[in-house]
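Fold and contact review
Here is what each chain is made of, one letter per residue.
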Amino acid sequence: MWSQRIRCVLAIAGLLFPIGAAGQSYRQIQIENPGTITGTVRWAGPVPALAAIVINKDPSICDPQNAKKRDLERLIIGPNKGVANTVVYLKDIAAGKPMDLPMARRSLNQKSCRYEPHILLVPQAGKLAIRSSDPVLHTVHMSGAAQYNLPFPFPDQQVEREMNESGIVNLQCNAGHVWMNGIVVVAPHPYYAVTDESGNFRLDGVPPGRYEVVAWHEGWQTQLQAGFYDVLSQTRITRPVYSAPITLEKSVTVPGAGNATVEFQLSDSKAALRASKR
């Protein structure tokens, strides 16, 4: 029977949410008869109505479709109720396959005043590549497991920064584009995946054995608006502060050269989340 635990930790004001074992030392080994873990993260119940943010700065660059508002991209639910951008990983695995996190998730682009991709995966002690396609000033502010504040005054400028501590890095723009937000997961081992638009994930090359599989979602509600001073415009503006991340855990046994399946369920109702334990 599945065992599942739910933990919510406030992730406001750059507070770090632990997503990997602190100080864990991962080793690459030869794996006999590796298996896979596949599954889906789905939404249960009504889809919440989430507020969009007015695009009130650099609309010619940030709003090429003239939409006037921007979705914060904190909750993306597909037609089959699959939840995209959920991070799924193995808890406390110390040895296994080489570090092979996808290169596309190690590079951040600022395009039309959005972070692409919204969720990034970077190996611990690896480098995050950052660039901007926008001909407007952006400043990438990082808080949590990494602390950087990087200006991008020109398009096609690229920099790299080392991610030395495992955990969560919150991204925001300190150049007045308050809707821009994203997450970097600094991973201490390679068994991490981000769900696709259908909510599906796959972890391969898993040594046979029993594991705790974790599904981590950044949270989707806007709890309040925090004020701060925009140096460029010399005005006081507000930016969203988001609700706590949600973490689900299930136990699974991976057979040699076989597949194990794990299904997770997210909901806007705390009661529904508690019921999903059973």
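Quantities reported herein were computed from a predicted structural model and do not represent experimental measurements. (Residues numbered from 1 in each chain as written. Predicted model: local features only at pLDDT ≥ 70, side-chain atom pairs only at ≥ 80, totals over all residues. Heavy atoms only, no water.)

Overview of the overall build of the chain
- Counting secondary structure elements, the chain contains 2 helices and 23 strands.
- By sequence separation, contacts in the chain at least 24 residues apart represent 71% of the contacts at least 6 residues apart.
- Taken as a whole, the chain presents about 12,700 Å² of accessible surface, with 52% of it coming from carbon and sulfur. (Helix = DSSP H or I, 4+ residues; strand = E, 2+ residues; numbered from the N terminus. Contact = heavy atoms within 4.5 Å. Areas by Shrake-Rupley, 256 points an atom, 1.4 Å probe, with all protein chains shown as cover.)

Considerations on the sheet that holds strand 18 (residues 200–206)
- Taken together, the 3 strands give an open sheet; going across it, the order is 18-3-23, and neighbouring strands pair in mixed fashion. With partners counted over all chains shown, the strands left at the sheet margins are strand 18 and strand 23 (259–267), one partner each. Taking the axes of each pair of neighbouring strands and ignoring which way they run, one obtains an average angle of 20 degrees across the sheet.
- The sheet contact formed by strand 3 (residues 35–44) and strand 23 spans 9 bridges and is parallel. Across the sheet, the residue bridging to Gly-39 is Val-262, located in strand 23. (Pairing = 2+ DSSP bridges. Axes fitted to C-alpha atoms, helices over the stretch in contact; angles between N-to-C directions.)

Some thoughts on the environment of Gln-223
- Note that Gln-223 resides in strand 20 (residues 222–230).
- Looking at Gln-223, the relative accessible area reads 46%, which means it is partly exposed.
- For the pair Gln-223 and Ser-243, spaced 20 residues apart in the sequence, the C-alpha separation amounts to 5.7 Å. (Buried < 20%, exposed > 50% of the residue type's maximum accessible area, 1.4 Å probe, protein only.)

Comments concerning the confidence of the model for the chain
- Confidence in the prediction for the chain averages 89 pLDDT; 86% of positions are at 70 or higher.
- For residues 274–278, every residue scores under 50 in pLDDT, and the model assigns this stretch 7 contacts once sequence neighbours within four places are set aside. (pLDDT = per-residue confidence, 0-100.)

Focus on the sheet that holds strand 14 (residues 158–163)
- Within the open sheet, the 4 strands sit side by side as 9-8-11-14. Their pairing is mixed. Bordering the open sheet on either side are strand 9 (114–116) and strand 14, each of which pairs with just one other strand. Across the sheet, the mean angle separating the axes of adjacent strands is 25 degrees when strand polarity is ignored.
- In the sheet, strand 8 (residues 107–111) pairs with strand 11 (residues 126–132) via 4 bridges, with the strands oriented parallel. Across the sheet, the residue bridging to Ser-107 is Ala-129, located in strand 11.

Details of the state of the cysteines
- Summed over the entire model, instances satisfying the criterion amount to 1 disulfide.
- One disulfide bridge connects Cys-62 with Cys-113, the sulfur atoms lying 1.9 Å from each other. As the torsion about the S-S bond is roughly -55 degrees, the Cys-62-Cys-113 disulfide counts as left-handed. Of this pair, Cys-62 sits in helix 1 (residues 59–62) while Cys-113 sits in the loop between strand 8 and strand 9; the two residues are 51 residues apart in sequence, bridging distant segments of the chain. Both residues of the pair, Cys-62 and Cys-113, count as buried.
- Between Cys-173, a cysteine without a disulfide, and Cys-113, which holds the nearest cysteine sulfur, the sulfur-to-sulfur distance is 7.4 Å.
- Relative accessible area serves as the criterion here: at 0%, Cys-173 is assigned to the buried category. (Disulfide = S-S within 2.5 Å.)

Quick look at the nonpolar core
- Judged by nonpolar contacts, the single largest core of 29 residues is most densely connected at Leu-128, Ile-130, Met-142, Val-169, Leu-171 and Trp-179.
- Elements with a minimum of two residues in this core: strand 10 (119–123), strand 11, strand 12 (138–144), strand 13 (148–152), strand 14, strand 15 (167–173) and strand 16 (181–187).
- Of all the elements, strand 15 adds the most residues to this core, at 3 residues.
- Leave out the neighbours within four places in its chain, and Leu-171 touches Leu-108, Tyr-115, Leu-120, Val-140, His-141, Met-142, Met-180, Asn-181, Gly-182, Ile-183 and Val-184.
- Grouped together as the second largest cluster of nonpolar side chains are 27 residues, Ala-193, Leu-203, Ile-246 and Phe-264 included. (Core = buried A, V, L, I, M, F, W, Y, C linked by side-chain atoms within 4.5 Å.)

A closer look at the packing of aromatic side chains
- Scanning the model with the defined rule gives 3 aromatic pairs in all.
- Between Trp-43 and Trp-220, the ring centres sit 5.0 Å apart and the planes meet at 75 degrees, which makes this aromatic pair edge-to-face. Of this pair, Trp-43 sits in strand 3 while Trp-220 sits in the loop between strand 19 (209–217) and strand 20, and the two are 177 residues apart along the sequence. Taken as a pair, Trp-43 and Trp-220 share a single burial class, namely buried.
- Judged by centre distance (6.5 Å) and plane angle (45 degrees), the rings of Phe-201 and Phe-264 are tilted. Of this pair, Phe-201 sits in strand 18 while Phe-264 sits in strand 23, and the two are 63 residues apart along the sequence. (Phe/Tyr/Trp six-rings, centres within 6.5 Å; stacked < 30°, edge-to-face > 60°.)

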